[in-house]
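# Chain and residue survey
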Amino acid sequence: MKELFGCFLADGDQANAFRFNEVEAKTSLGSLIVFDFEGVTNMTESFSNALFGNLAEDHPFDLIDRVRFKNCSPLIRGFLVSAVSHGIERGKRLARSE
């Protein structure tokens, strides 16, 4: 992640574009996706929600099998847990309403 976005992951628009252009294609193929946070020191809610929250919302039932997070500091882990859990809940609500 640091190589792509730097040590501070801040831009939600960049995160969303990355999700659409890179991550969704791998998800649709059933590939394992590993996000490595080595060297990442901070992240905004905008970034984490745009990438990880929306990913969890779109794939609430199989996210656990397809995504791995590496080298997460406690701060980064907190952002991820929040974004993913909220995204999964949104996804489940949408699935029930359809």
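What this report covers is the structure whose coordinates are included nearby. Please read these numbers as outputs of a predicted model, since none were measured by experiment.

Parameters at a glance
Residues numbered from 1 in each chain as written. Predicted model: local features only at pLDDT ≥ 70, side-chain atom pairs only at ≥ 80, totals over all residues. Heavy atoms only, no water. Helix = DSSP H or I, 4+ residues; strand = E, 2+ residues; numbered from the N terminus. Buried < 20%, exposed > 50% of the residue type's maximum accessible area, 1.4 Å probe, protein only. Areas by Shrake-Rupley, 256 points an atom, 1.4 Å probe, with all protein chains shown as cover. Core = buried A, V, L, I, M, F, W, Y, C linked by side-chain atoms within 4.5 Å. Contact = heavy atoms within 4.5 Å. Axes fitted to C-alpha atoms, helices over the stretch in contact; angles between N-to-C directions. Parallel < 35°, antiparallel > 145°, perpendicular 65-115°, else oblique. Left-handed = near helix turned anticlockwise from the far one by under 90°. Nonpolar A, V, L, I, M, F, W, Y, C, P; charged D, E, K, R; others polar. Bend = angle between axes of the 7 residues up to and from the residue. Disulfide = S-S within 2.5 Å. Pairing = 2+ DSSP bridges.

Our next topic: the overall build of the protein chain. Scanning the protein chain for helices and strands turns up five helices and four strands. What you see in the protein chain, going N to C, is helices and strands ordered as α-β-α-β-β-α-α-β-α. Taken along its principal axes, the extent of the C-alpha atoms in the protein chain is 40 × 25 × 25 Å. Out of the 98 residues belonging to the protein chain, those deemed buried represent 38%. Accessible area for the protein chain stands at about 5700 Å²; split by element, carbon and sulfur atoms hold 53% of it.

Here we come to the nonpolar core. One finds Met1, Phe35, Phe37, Met43, Phe47, Leu51 and Phe52 to be the most contacted residues of the largest nonpolar core, which totals 26 residues. Mapped by element, the contributors of at least two residues to this core are helix H2 (12-28), strand S2 (33-36), helix H3 (45-58) and helix H5 (74-97). Those residues in contact with methionine 43 that lie beyond four places of it in its chain are Phe8, Leu9, Phe37, Ser48, Phe52, Ile76, Phe79 and Leu80.

This paragraph deals with the packing of H2 against H3. At a minimum axis separation of 8 Å, H2 and H3 run at an interaxial angle of 30 degrees. When the axis of H2 is compared with that of H3, the two are roughly parallel. Taken as a pair, H2 and H3 cross one another with a handedness that is right-handed. Contact residues: H2 offers Gly12, Ala15, Asn16, Phe18, Arg19, Val23, Glu24 and Thr27, while H3 offers Ser46, Phe47, Ala50, Leu51, Asn54, Leu55 and Asp58. Of the residues belonging to the contact of H2 with H3, the class tally is seven nonpolar, five polar and three charged.

Once that is clear, we can look at H3. Its axis deflected by about 25 degrees at phenylalanine 52, H3 carries its strongest bend there. Taken together, the buried positions of H3 are Phe47, Ser48, Ala50, Leu51, Phe52, Gly53, Leu55, Ala56 and Glu57.

Let us now look at the state of the cysteines. When the sulfur atoms of two cysteines share a covalent bond, that bond is a disulfide. This model, assessed by the stated rule, comprises zero disulfides. A disulfide-free cysteine, cysteine 72 has its sulfur positioned 16 Å from the sulfur of cysteine 7, the nearest such atom.

So, on to the pairing of S2. Only one face of S2 is buried: it carries Ile33 and Phe35, and the other face, with Val34 and Asp36, is open. Sheet topology note: the S2/strand S4 (residues 67-70) ladder contains four bridges and is parallel. Of the residues in S4, the one forming a bridge with aspartate 36 is lysine 70.

Moving on, we come to the environment of phenylalanine 47. Tracing the backbone through its elements, the reader meets phenylalanine 47 in helix H3. Spatially, the C-alpha atoms of phenylalanine 47 and alanine 10 are 5.4 Å apart, while their sequence positions differ by 37 residues. The contacts of phenylalanine 47, once residues within four sequence positions are left out, are Met1, Phe5, Leu9, Ala10, Asp11, Gly12, Ala15 and Phe52.

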